[in-house]
Amino acid sequence: MKLRSIEMVLPEADKAHQFLTDIWGAASAGSKENTHYIRGSGTFPYLVALEEGDSSFVRSVTFVCSAQELDELKQRISQRGLMACPTESKDLGGGEGILVQLSEGQILRFLINTHEVEPLAGAELPVKLTHVVFNSEDAEKTGDLVEAALNFRVSDRTKGMVFVRCNESHHSTAFARAGFCSLNHIAFEMADIDAVMRGVGRLRDHNMVPAWGPGRHGPGANVFAYFIAPFNAVVEFSTAVNKVPEDYPVGAPEDWTWPPNRIDQWGMSDKDFDGLRKAEEHFKFHRDWQPAPLV
Ligand SMILES: [Fe+2]
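One structure accompanies this document, and this report is about it. Note that the structure is predicted; figures quoted are calculated from it, not measured.

Concerning the coordination of the iron ion
- Surrounding the iron ion are the protein donor atoms H131 (NE2), H185 (NE2), Y226 (OH) and E236 (OE), at 2.0 to 2.6 Å.
- For the iron ion, the 4 donor atoms are set out with angles of 89 to 166 degrees between them, so the coordination reads as irregular.
- Going along the chain, you hit the donors of the iron ion in the pattern H-x53-H-x40-Y-x9-E. Of this pair, H131 sits in strand 9 (residues 128-136) while H185 sits in strand 13 (residues 182-189), placing them 54 residues apart in sequence.
- Of the residues examined, H131 reaches a relative accessible area of 2% and is grouped as buried.
- The class for H185 is buried, based on a relative accessible area of 3%.

Put into structure tokens, the structure is as follows:
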């Protein structure tokens, strides 16, 4: 199971596409009908789909998996009565699978038989998405739900988040204890710390400063630098997230505390709490499909 992409709808999608390619550093994967796609250096055909629309919302966050994993997901999701439907992807890379809406509203898509593409050279390009984090009304309940319904595993719990993995990477998603359901942020995996730092420099060239970072997180130990994109999503340069074994001991909030005035391992940057919070409320999830039996 791998996190692949996020599908977003927003006004002025062309401008978001331009920001993500010209300034953020991703490559264009072209446009199809009213949707612009961006990709990284890895083999996924795209990482972010930007569809032109009157309002901003997230259509889905997409994972790719095996046929066996999809069959198991269908059983688990059906048993728990979640809203879901079979789907055929019209996005780059094709494939078919299911859409599922968690009880709070987050929408995930699981695909099989997707196409991949040749990798691109370029040390400045993001490689792929490393995680997409959701805001959550009840992160504990939703963490339990994705363990039961999606066979994901909680890696760590902190005061702010429930970190969840779907493979050996410490987290591919997390649920922030926000009190509401929306997109929290999208994290792009960079090749190394230099690529993160050069990304920060590139944004500084365009008069953008990090909303938080650079720094190194506690859980997952990944390096980060967060920015508020002009299209009101929080985006992150990240690298070097820990890989964890199957029997990784689940950390509790008391295992992840900071000394006074520290909220990361380095303690070298401020955090724009208000700006981040505002942007984190911007993209809600919108379901424009009707539930249908999976099995
Ligand atoms: Fe992150």
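Here the narrative resumes.
Some points on unusual backbone geometry
- Omega for the bond connecting G213 with P214 falls within 30 degrees of zero, at 0 degrees, which places this linkage in the cis form.
- Secondary-structure assignment places P214 in strand 14 (residues 212-216).
- Positioned with a positive phi, A240 is a non-glycine residue whose angle comes to about 65 degrees.
- By the element assignment, A240 lies in the loop between strand 16 (234-239) and helix 5 (273-280).
- Given the relative accessible area of 40%, A240 is considered partly exposed.

Remarks on the sheet that holds strand 12 (residues 173-177)
- Taken together, the 8 strands give an open sheet; going across it, the order is 10-11-12-9-13-16-15-14, and neighbouring strands pair in mixed fashion. In this open sheet, the two edge strands, each paired with only one partner strand, are strand 10 (153-157) and strand 14. This sheet shows a mean twist of 20 degrees between the axes of neighbouring strands, independent of strand direction.
- With 7 bridges connecting them, strand 9 and strand 13 associate as antiparallel partners. In the sheet register, K128 faces strand 13, and the bridge partner there is E189.
- Against the sheet, helix 3 (residues 139-150) engages strand 9, strand 10, strand 11 (161-165) and strand 12, with an angle of about 155 degrees to strand 12.

With respect to the side chain of Q106
- Relative to the helices and strands, Q106 is located in the loop between strand 7 (96-101) and strand 8 (107-112).
- The exposure class assigned to Q106 is buried, which follows from its relative accessible area of 0%.
- A polar side-chain atom of Q106 sits 2.9 Å from a polar atom in the side chain of E104.
- A polar atom in the side chain of Q106 sits 3.2 Å from the backbone oxygen of N135.
- Setting aside residues up to four positions removed in sequence, Q106 forms contacts with V100, Q101, F134, N135, S136, T142, F175, C181 and F285.

About the cut-offs
- Residues numbered from 1 in each chain as written.
- Predicted model: local features only at pLDDT ≥ 70, side-chain atom pairs only at ≥ 80, totals over all residues.
- Heavy atoms only, no water.
- Donors = N, O, S within 2.8 Å, 3.2 Å for Na, K, Ca; no water.
- Tetrahedral: all angles 85-135°; square planar, octahedral: opposite > 155°, others 65-115°.
- Helix = DSSP H or I, 4+ residues; strand = E, 2+ residues; numbered from the N terminus.
- Buried < 20%, exposed > 50% of the residue type's maximum accessible area, 1.4 Å probe, protein only.
- Pairing = 2+ DSSP bridges.
- Axes fitted to C-alpha atoms, helices over the stretch in contact; angles between N-to-C directions.
- Contact = heavy atoms within 4.5 Å.
- Polar contact = N/O pair within 3.5 Å; in protein donor to acceptor, adjacent residues only side chain to side chain.

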